[in-house]
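Close look at the chain arrangement
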Amino acid sequence: MPDYILAIDQGTTSTRAILFDHRGQPKSQAQQEFEQIFPHDGWVEHDPEAIWESTLSVCRKAMEKLNIDTSHISCIGITNQRETTIVWDKNTGKPVYNAIVWQDRRTAAQCEQLKADGFEDMVHAKTGLLLDPYFSATKIAWILDHQPGLRAQAEQGELLFGTVDSYLLWRLSDGISHKTDATNASRTLIYNIHSGEWDNELLELFNIPAAILPEVLDSSASFGDTNVFDHSIPITGIAGDQQAALFGQTCFEPGMVKSTYGTGCFMILNTGDQAVDSQHRMLTTIGYQLNGKPSYAIEGSIFVAGAAIQWLRDGLQLISKAKHTEKLASKANPDANVYMVPAFTGLGAPYWDPQARGALLGLTRDTGIEEVVAAGILSVCYQTRDLLEAMNKDGANLPDTLRVDGGMVKNNWFVQSLADTLATRVQRPTITETTALGAAYLAGLQLGIFESLEQLADLWQCDNTFESAIDDNQRNRRYKGWLEAVERVKSKPELTH
Ligand code: ADP
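These figures come from a predicted structure and were not determined experimentally.

**A look at the overall build of the protein chain**
Scanning the protein chain from terminus to terminus reveals 16 helices and 23 strands. The C-alpha atoms of the protein chain give 22 Å as radius of gyration, which agrees with the globular expectation for 497 residues (23 Å, within 12%). For the protein chain, the residues scored as buried account for 59% of the 497 residues in total. Within the protein chain, residue pairs in contact and separated by at least 24 positions form 71% of the contacts whose partners lie at least 6 positions apart. Surface summary for the protein chain: the accessible area is close to 19900 Å², and the carbon and sulfur share equals 46%. If you average the places of the 41 positive and of the 63 negative side-chain charges in the protein chain, the two averages end up 7 Å apart.

Structural data, given as structure tokens:
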């Protein structure tokens, strides 16, 4: 058996390829950014050709760094930016429009209309999602309607739809495999996560012809083979990025949870074979699917996590580098009662107040840069607690351990504060490239390189464990201060001060 698994991590701003050995250790990595296209306010697109070119280029570079050719690669796993939508011509292979990126809001009015017409409950019951432009369905319909003739072509089976995994698979397999996995399908708003099928009622609601849809497989499966490099390689693992991170963190038991702290933060809690319905507008989704059996998850997201640190750096210019925040925050007065609510684009889960805007509260004459920086970092901790409390109210048991990854977790002061705020043990793994690792694990499982989930769970290694170092009184007083700060920035405050 060849020596390496190639993980392709196709993200929103860059594409990465990582070669893992058969014990799951990263051995070589390459990364390339590509253009973000903003044709109008609220519109975000990618050129699918640029996505494809960057993918080929990083795969080749990762191999060159190890000085190997593809005969050393046993299989490929793909993980990808989710919901981003591509429609292409089956015969020419050409996309009929740019990829419409998950952040794109162009179909907001259509979603509002469908909500006003009373469809959200039905859509939510079937998909676990909300009627929001974020998901693929309204983007697909927009592409089919933007030019005369496309819808007819789609109905005749001339066009294909795919999320980015599916498009890459189709290109890698030279137009043979039109497939996706259940985690990616579960983000489209037309896939029924309970029956495990594209849903006819939803296809009709969004006006999407079934002929364009990919076949949905498990996350570990034989998706196809690629011959674009010098030897044929099977593609045997696919999952959306946040789900791949859940898998890479080996959160296989119900109640296990991971949080990824990049620009935003995505928390995913494994709920096993139970699809838990959130009363707090968190999403129910498929965490991974193996042997035809979905493992469900609840997902909560924070819009502004590392972006709060970026704002301290680029907006306020208080710091020149994100990493300087660690030292500064550690010098802050712990009793300062300064709060930053980074509601730059509104408040997400569990408040859902798009009109709210950010604030710095509790400033006094002795407030310094240290306290403001600490407040920025702590805002991410408090928002994490908000999510966990909401998941708890939804009937999920609160975990005793949170596994973290993403760019922010290099900051020890942040991770310690997270443990303090949550009264939960927080663990940082040695490999923080958990997204790519999850894709490699899924691919390797299919080929028997990894034999079982138990074996993968044993491979997970802890770099550091953080336990709460403050008492309940302190913790609750600080969190109460946060909740009061949030009340003050809400567009319709419930409390008066
Ligand atoms: P993404 O994948 O969303 O681009 P990354 O996982 O690469 O994000 O993380 C980058 C984010 O982490 C940035 O928002 C940056 O401000 C933040 N960040 C990076 N290093 C630190 C640090 N030492 N302390 C606090 N925040 C950091």
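**Focus: the packing of aromatic side chains**
For the coordinates displayed, the defined rule picks out 16 aromatic pairs. Geometrically, the ring pair formed by Tyr382 and Trp482 is stacked, given 5.4 Å between the ring centres and 25 degrees between the ring planes. Placement of Tyr382 in helix α12 (residues 369–393) and of Trp482 in helix α16 (residues 472–489) is noted, with a sequence separation of 100 residues between them. Here Tyr382 and Trp482 have matching classes, each one buried. Through pairs of rings, three or more aromatic residues link up here, namely Tyr339, Tyr382, Tyr479 and Trp482.

**Some words on the layout of surface pockets**
Taken as a whole, the second largest pocket encloses approximately 370 Å³ of empty space. Lining the second largest pocket are 23 residues, with Asn333, Pro334, Leu378, Trp413 and Arg478 sitting closest to its centre. Mapped onto the lining of the second largest pocket, the elements with two or more residues apiece are α11 (324–330), α12, α13 (412–422) and α16. In terms of residues, the lining of the second largest pocket owes the most to one element, α12, which gives five residues. In terms of residue class, the lining of the second largest pocket is built from twelve nonpolar, five polar and six charged.

**Describing the site of the ligand**
The environment of the ligand is formed by 13 residues, the closest being Thr263, Gly306, Gln310, Gly407 and Asn411. One of the side-chain N or O atoms of Gln310 is found 2.7 Å from an oxygen atom in the ligand. Burial of the ligand by the protein chains amounts to 71% of its free accessible area of 580 Å². For the shell around the ligand, the leading source of residues is helix α10 (residues 306–315), giving four residues. Classifying every residue of the shell around the ligand by side-chain character gives four nonpolar, eight polar and one charged.

**Digging into the side chain of Thr85**
As for its position among the elements, Thr85 is in the loop between β5 (73–80) and β6 (86–89). When its relative accessible area of 0% is taken as the criterion, Thr85 is described as buried. Side-chain polar atoms of Thr85 contact the backbone oxygen of Glu83, separated by 2.9 Å.

Thresholds, definitions, all that
Residues numbered from 1 in each chain as written. Predicted model: local features only at pLDDT ≥ 70, side-chain atom pairs only at ≥ 80, totals over all residues. Heavy atoms only, no water. Helix = DSSP H or I, 4+ residues; strand = E, 2+ residues; numbered from the N terminus. Rg over C-alpha atoms; globule rule 2.2 N^0.38 Å. Buried < 20%, exposed > 50% of the residue type's maximum accessible area, 1.4 Å probe, protein only. Contact = heavy atoms within 4.5 Å. Areas by Shrake-Rupley, 256 points an atom, 1.4 Å probe, with all protein chains shown as cover. Lys, Arg positive; Asp, Glu negative; His and termini not counted. Charge placed at Lys NZ, Arg CZ, Asp CG, Glu CD. Phe/Tyr/Trp six-rings, centres within 6.5 Å; stacked < 30°, edge-to-face > 60°. 1 Å grid on protein atoms, 1.4 Å probe; cavity = no way out; pocket = protein on both sides within 12 Å on 5 of 7 lines; lining within 4 Å. Points joined across faces, edges and corners; volume = space filled by probe spheres on them. Nonpolar A, V, L, I, M, F, W, Y, C, P; charged D, E, K, R; others polar. Near = heavy atom within 4 Å. Polar contact = N/O pair within 3.5 Å; in protein donor to acceptor, adjacent residues only side chain to side chain.

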